Amino acid sequence: MSTLLFVHGTGVREAGVLAVVDVLARRLAPLRPDVTVAACSWGAEEGARLNAGGASVPDYERTRAPDEEAEPDPVDAWLLLYADPLYELRLAGVGEAADPPPGAVLPGEYAEETVRSLLAPGGLGRLRTLADTAGLTDRLPDALAAVLDTDSWADARTELADDPGLPLLLARAAVAEAARQLSAEPGGRKGSPEAGAVEGDGRARDELVDALAEALGGPKPGTEPRSIASRVGLLTARTALRLGAARSVERRRGALTDAGHPAAGDILRYLARGDGIRAVLARRIAQCAADGGGPVTVLGHSLGGIAAVDLLAAGPQPEVARLVTVGSQAPFLYEIGALPGLPFGAALRPGFPPWINVYDRRDLLAFVAEPLFPDQARDIPLDSRQPFPYAHSAYWSHPGLYTLLARELP
């Protein structure tokens, strides 16, 4: 007889542990009926919790059950525009072309003529001060030219030929494109959470957009008539809200905290005070061996794998015959010098049990150990054919895992 001791990952609590143990036992029994599957459930004892009832979270109680029907904040739309400056213009360009009155000076034509004057040396005029405040002076002319040279603008200009809101869409696209160009510059913030955002306060960005739209022939700010273009802006904001824009997150902060704090909190708590989880694991190993379960194989998923590597690196656990980590970040933490029990450059101690590290290339939280510990770890790839983040929990349904365990368990 031998025991497979499952150590769960971050955010998992008793019901989730029991569900995985049940799957492991049912799938492994036909292949290895001599193996007992047990659980190391540390979440209830050592997992993160809001010890003060959410007192640190602004508006916690009010935002635990948000009003999902509330209208989006217009600021939400910038989440999409920073990533895709032409988003609104593409929306506006879908539909039937307008039929303008004969001889009318159309907003799109006027805007294009105005842009040509703005692109001339010194052409920004009074807009320069606003562009300076927003940190976009050097990029705005190039951004305007770039937007005008796109099919998205050409389509929107055709479809919304007489729509008075068209200059506003052009202004928003140009300011968003200027921000995108700025973030892509050497030394910019490309890849950071703020990438693409306008330097300075969002009010400076909005004032620049309003002034630019008026210069391009749009109505004065605050007097915009109802138009297709204005409805495009609202649709963009609603789309961004449903994709998790900042205002949406703010309204749902309490609910998001309830849903997310166990997972994030478990990791932070472990890195700060991981002795408790490791002590729970050590007790469960000893208990399994004392109950006559024979040699123990520790199966650690995600944070459970980190705790297992740390515990086994710290000193002998004679009852442990094998270590299997699944979707674990232990190798990555070791490489960046953040694994609590093993600083980078230190070798695994002599007698560290044979280590099999299972990973899925689609699982962005899974890392490989063999390049770091070539003589003591063996990497086994599995392909769940699930996208991330589902791939992180799809190992338990993969038949290859059970073939591996049946072969490797003592």
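Please refer to the structure higher up on the page.
Predicted model only: the values in this text are computed from it and were never measured. (Residues numbered from 1 in each chain as written. Predicted model: local features only at pLDDT ≥ 70, side-chain atom pairs only at ≥ 80, totals over all residues. Heavy atoms only, no water.)

1. Description of helix α15 (residues 303-314)
With twelve residues, α15 extends 17 Å between its outermost C-alpha atoms, agreeing within 8% with the 16 Å of an ideal straight helix rising 1.5 Å per residue. The element α15 is extensively covered by neighbouring structure, given that eleven of its twelve residues are classed as buried. For α15, the full list of buried residues reads Leu303, Gly304, Gly305, Ile306, Ala307, Ala308, Val309, Asp310, Leu311, Leu312 and Ala313. (Helix = DSSP H or I, 4+ residues; strand = E, 2+ residues; numbered from the N terminus. Expected span 1.5 Å × (residues − 1). Buried < 20%, exposed > 50% of the residue type's maximum accessible area, 1.4 Å probe, protein only.)

2. Some remarks on the side chain of Glu177
Structurally, Glu177 is set in helix α9 (residues 166-184). Judged by relative accessible area, which is 11%, Glu177 ranks as buried. Each residue touching Glu177, except ones within four places of it in the same chain, is listed here: Pro85, Ala143, Ala146 and Val147. (Contact = heavy atoms within 4.5 Å.)

3. With respect to the packing of aromatic side chains
Each aromatic ring pair is characterised by the separation of its centres together with the angle its planes make. Evaluated as defined, the whole model comprises six aromatic pairs. The interplanar angle of 55° and the centroid separation of 5.4 Å between the aromatic rings of Tyr334 and Phe344 together place this pair among those described as tilted. Of this pair, Tyr334 sits in helix α16 (residues 330-335) while Phe344 sits in the loop between α16 and β5 (355-359), placing them ten residues apart in sequence. According to the relative accessible area criterion, Phe344 is exposed, its value standing at 52%. (Phe/Tyr/Trp six-rings, centres within 6.5 Å; stacked < 30°, edge-to-face > 60°.)

4. Side note on helix α10 (residues 202-215)
An ideal rise of 1.5 Å per residue puts 20 Å on 14 residues; α10 measures up with 20 Å between its terminal C-alpha atoms. Among the residues of α10, those classed as buried are Ala204, Arg205, Leu208, Val209, Ala211, Leu212 and Ala213. One or two residues past the end of α10 sits Gly217, with phi positive at roughly 105°.

5. Some details on the pattern of salt bridges
All chains considered together, the criterion is met by eleven salt bridges. For the salt bridge of Glu177 with Arg180, the shortest nitrogen-to-oxygen distance reads 2.8 Å. Highlighted residues: Glu177 and Arg180, both in helix α9, separated by three residues, approximately one helical turn. Owing to a relative accessible area of 34%, Arg180 belongs among the partly exposed residues under this scheme. Between Arg278 and Asp275 there is a salt bridge, with the nearest N and O atoms lying 2.4 Å from each other. Linking Arg278 with Asp275, this pair stays in helix α14 (residues 275-290), spanning three residues, or about one helical turn. Of the residues examined, Asp275 reaches a relative accessible area of 56% and is grouped as exposed. Within the structure, one salt-bridge network assembled from shared partners comprises Asp275, Arg278 and Asp310. (Salt bridge = Lys/Arg side-chain N within 4 Å of Asp/Glu carboxyl O.)

6. With respect to the environment of Val115
Mapping Val115 onto the fold places it in helix α5 (residues 107-119). Residue classification places Val115 among the buried positions, given a relative accessible area of 0%. Separated by 29 residues in the primary sequence, Val115 and Leu144 place their C-alpha atoms 7.1 Å from one another.

7. Section: the sheet that holds β5
Reading across the sheet, the six strands line up as β2-β1-β3-β4-β5-β6 and stay open at both edges, with parallel pairing between neighbours. Unpaired on one side and paired on the other, β2 (35-40) and β6 (377-381) mark the two borders of the sheet. On average, each strand axis in the sheet is inclined to that of its neighbour by 20°, with strand direction left out of account. Helix α17 (residues 399-408) rests against β1 (2-7), β4 (320-326), β5 and β6 of the sheet, and its axis sits at about 175° to β5. (Pairing = 2+ DSSP bridges. Axes fitted to C-alpha atoms, helices over the stretch in contact; angles between N-to-C directions.)

8. Notes on the packing of helix α1 (residues 14-28) against α17
Axis separation between α1 and α17 bottoms out at 10 Å; the angle between their running directions is 65°. Taken together, α1 and α17 sit at an angle that is classed as roughly perpendicular. When the axes of α1 and α17 are compared, the crossing they make is right-handed. Listed contacts from α17 to Val23, Leu24, Arg27 and Leu28 of α1 are Pro399, Tyr402, Leu405 and Ala406. Each residue belonging to the contact of α1 with α17 can be placed in one class, and the counts come to seven nonpolar, no polar and one charged. (Parallel < 35°, antiparallel > 145°, perpendicular 65-115°, else oblique. Left-handed = near helix turned anticlockwise from the far one by under 90°. Nonpolar A, V, L, I, M, F, W, Y, C, P; charged D, E, K, R; others polar.)

9. As for the state of the cysteines
The final tally for this structure, using the stated rule, is zero disulfides. The structure places no disulfide on Cys40, whose sulfur is separated from the nearest cysteine sulfur, that of Cys288, by 8.5 Å. We classify Cys40 as buried; its relative accessible area is 0%. The class for Cys288 is buried, based on a relative accessible area of 6%. (Disulfide = S-S within 2.5 Å.)

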